[in-house]
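The lines below spell out each chain.
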Amino acid sequence: MNTTIKQLVRAAASNTRCLKKVGMESLCVLSQKTNCMVESNRSVQANAGFPNLYQSAATNLAPGQIGTVDFDPFTLVEGDLKTMFKEIHDELDLELLHDSELGEMSKYYFDGAGKAVRPVIAMCVGHALNHHMGTGYENVKNQRKVAIISEMIHTASLVHDDILDHAETRRGKLSVNTKWSLQKSTMCGDYILAVGSKILAQIGNQEVVRILSQVLADLVQGEFQQLQQTEDDENERFQQYLDKSFNKTASLMTYSCQANAVLSGANEEEIQAAYKYGKNIGIAFQLVDDLLDFVSSADQLGKPAAADMKLGLATAPVLFASQQFPVLNEMIARRFSQDGDVEEAFKCVIESGGLDQTRALAKQHCEDAIAALDIISNSKYKLALVGLCDKVLNRLN
């Protein structure tokens, strides 16, 4: 890593720890409300681009905190997911007539090293709605399939991301595109999606098939948005970033939650509550990921610091910082392509309020995710979903 960036990373991480100590309540709460979900307009809408100030909808929360619960979501659904990777391996092998290189490649990232956040969220939402509906556990079999499919779609997207980004490592080992050829890696990602689609068809619910199929369309659209030239207008540019964040990250969480709500037998209002929870925690997850690109070491994050800017991408911290440092607009427009752009932009972000604003926006989305659960009856799974928001916000620790 560039020495200048290393020094700035250490400074940013120190500032973030101090920020946590003083509490987020001292910050402006940034964001636009996204509580009205309209099927035909799924992307995150911002008023005039940059998020606005507003009072949190999560009125039951103490100032400056998301909430404290004792139920760990990963522990609660451990029984549901402990055999997930073995089942995925079996499904991937089932389609092959004999052991082959494709089998080895397709199972390469399903090594248990990932956090499995998406299937955990999907299962917790499924159990929370089952409890709310009083339907017991007869829905769990298909809800598990949704969780497994979410992990397969996510992993296939990692394969394709690594190809497009020319990544060399993933989770501490050689990336699939480095270990094998680009052509084979592309087909590997396609194969994982194909097997996941077969599992989706086995659920036998047309509405669930429609919902999860939208994720694939969104992922492709998100990749195209990332390849496009950024908008010149800074407000439109932030909206473009929010739309891309939904398509590439939040969509999978959103529709997995929605699908498991449908399988629980929930009504439309309850299904939309699950949708809103998934959408908001998904956006928050991406915002924190973009924050970590500036304040985490390569070992913590699993990729080099400032990796997004090195790929020519301007994320929330940079876009917020551009309001304070207009010189960033030129760098964003040329995708940080000139010598010294990445280092200079990194310095501007660290010296600006961009990191604080990004964290505040993530916090607001977490509060909106919690507020969406208000109509769901209390259970250990609902409380775990509340606690998961805190885990998302504090991934630095």
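Predicted model only: the values in this text are computed from it and were never measured.

Undergrad: Would you explain the overall build of the chain in this entry?
TA: Along the chain, the regular secondary structure elements total 19 helices and two strands. The buried share of the chain, reckoned over its 397 residues, is 57%. Here the analysis covers contacts within the chain between residues at least 6 apart in sequence; of these, 77% occur between residues at least 24 apart. Of the roughly 17,000 Å² of accessible surface on the chain, a fraction of 51% belongs to carbon and sulfur atoms.

Undergrad: So what exactly am I meant to see when it comes to the environment of Trp 180 here?
TA: Mapped onto the elements, Trp 180 comes out in the loop between α8 (176-179) and α9 (182-203). For Trp 180, a relative accessible area of 10% gives the class buried. For Trp 180 and Glu 101, which are 79 residues apart along the polypeptide, the C-alpha to C-alpha distance reads 9.6 Å. If we ignore the near neighbours within four places in the chain, the residues touching Trp 180 are Glu 101, Glu 104, Met 105, Tyr 108 and Ser 185.

Undergrad: Honestly, the pattern of salt bridges in this entry has me stumped. Any pointers?
TA: A pair can form between side chains of opposite charge whenever their charged atoms are brought close. A full pass over the atoms with the stated rule returns 14 salt bridges. Its salt-bridge partner being Arg 210, residue Glu 207 comes within 2.6 Å of it at the nearest N-O pair. Of the two residues, Glu 207 and Arg 210 both sit in helix α10 (residues 206-227), three residues apart, roughly one turn of that helix. If you follow the salt bridges from partner to partner, you end up with Glu 91, Glu 95 and Lys 198 in one network.

Undergrad: Looking at this structure, how should I read the packing of aromatic side chains?
TA: To describe a pair of aromatic rings, you give the distance between the ring centres and the angle between the ring planes. Using the criterion set out here, one finds seven aromatic pairs in the structure. Taken together, a centroid distance of 5.8 Å and an interplanar angle of 75 degrees make the contact between Tyr 255 and Tyr 275 edge-to-face. A residue pair is termed long-range when its members are at least 10 positions apart, and Tyr 255 in helix α11 (residues 234-264) and Tyr 275 in helix α12 (residues 268-295) qualify at 20 residues. Take Tyr 275: its relative accessible area is 0%, and that puts it in the buried class. An aromatic cluster is defined as three or more aromatic residues linked by ring pairs; in this entry it consists of Tyr 108, Tyr 109 and Trp 180.

Basis of the calculations
Residues numbered from 1 in each chain as written. Predicted model: local features only at pLDDT ≥ 70, side-chain atom pairs only at ≥ 80, totals over all residues. Heavy atoms only, no water. Helix = DSSP H or I, 4+ residues; strand = E, 2+ residues; numbered from the N terminus. Buried < 20%, exposed > 50% of the residue type's maximum accessible area, 1.4 Å probe, protein only. Contact = heavy atoms within 4.5 Å. Areas by Shrake-Rupley, 256 points an atom, 1.4 Å probe, with all protein chains shown as cover. Salt bridge = Lys/Arg side-chain N within 4 Å of Asp/Glu carboxyl O. Phe/Tyr/Trp six-rings, centres within 6.5 Å; stacked < 30°, edge-to-face > 60°.

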